[in-house]
Amino acid sequence: MIRYTLVCNKRHEFESWFASSAAYDKQLKRALVNCPVCGTAKVEKAIMRPRLARTDTSTAPEAMPAPAPTAPEPATPVAMISPQEQEFRQKLRELRDHLVHNAENVGPKFPEEARKMHYGETEHRSIYGIATPQDAKDLHEEGIEFSPLPVLPDDRN
């Protein structure tokens, strides 16, 4: 077993255990290593502090606690995709690419900007960004139309 200190692209630091370095690489490549804080799969190894041997002998090795057992790797939904489904995936990817390239990224200000356009405070334009589930629910209840950007599993790399 090997323990890595990991950090996501939003700088959340966390630790995780892997059977081997190769197991870590394999899970990372398949986007199975996710930040426990924000859920992103954009994770990398952090600079690790060296573990120095203790100089005091007051704690015998057998008295030291064993590492906690790791939880089994969670199951992930998988599918074999037919040619029609592959074509559908490609169309979703093209839609997303079109929206991202032809709209303004307003980031976390999406709910605020959507409201301004809906209520006529600013000119209507194509935007995209991020919203919490509660923000999305509130926008929907206000009658503001929006759609989630399609995200495909291989887009998370």
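Look above for the structure.
Residues numbered from 1 in each chain as written. Predicted model: local features only at pLDDT ≥ 70, side-chain atom pairs only at ≥ 80, totals over all residues. Heavy atoms only, no water.

On to the overall build of the protein, then. Broken down by element type, the protein carries four helices and five strands. Out of the 157 residues in the protein, the part that is buried amounts to 20%. Residue pairs at least 24 apart in sequence account for 48% of intrachain contacts in the protein once pairs closer than 6 positions are excluded. (Helix = DSSP H or I, 4+ residues; strand = E, 2+ residues; numbered from the N terminus. Buried < 20%, exposed > 50% of the residue type's maximum accessible area, 1.4 Å probe, protein only. Contact = heavy atoms within 4.5 Å.)

To continue, consider the packing of helix H3 (residues 110–118) against helix H4 (residues 133–141). Two elements in contact, H3 and H4, have axes separated by 10 Å at closest approach and are oriented at 10°. By the angle between their axes, H3 is roughly parallel relative to H4. On H4, the residues that touch Phe-110, Pro-111, Ala-114 and Arg-115 of H3 are Asp-135, Asp-138 and Leu-139. (Axes fitted to C-alpha atoms, helices over the stretch in contact; angles between N-to-C directions. Parallel < 35°, antiparallel > 145°, perpendicular 65-115°, else oblique.)

Further remarks concern the pairing of strand E4 (residues 104–107). Sheet topology note: the E4/strand E5 (residues 127–129) ladder contains three bridges and is parallel. Its bridge partner being in E5, Asn-105 is matched across the sheet by Tyr-128. Tracing the backbone out of E4, into H3 and back to the parallel element E5 gives a crossover that is right-handed. (Pairing = 2+ DSSP bridges. Right-handed = clockwise from strand over helix to strand, strands pointing away.)

The next point concerns the packing of aromatic side chains. Under the counting rule described, the total for this entry stands at four aromatic pairs. Measuring from centroid to centroid gives 6.0 Å for Tyr-4 and Phe-18, while their planes differ by 45°, and the two rings are tilted. Highlighted residues: Tyr-4 in strand E1 (residues 2–8) and Phe-18 in strand E2 (residues 13–18), separated in sequence by 14 residues. The two residues Tyr-4 and Phe-18 agree in class, both being buried. The structure contains a cluster of three or more aromatic residues connected by ring pairs, namely Tyr-4, Phe-18 and Tyr-24. (Phe/Tyr/Trp six-rings, centres within 6.5 Å; stacked < 30°, edge-to-face > 60°.)

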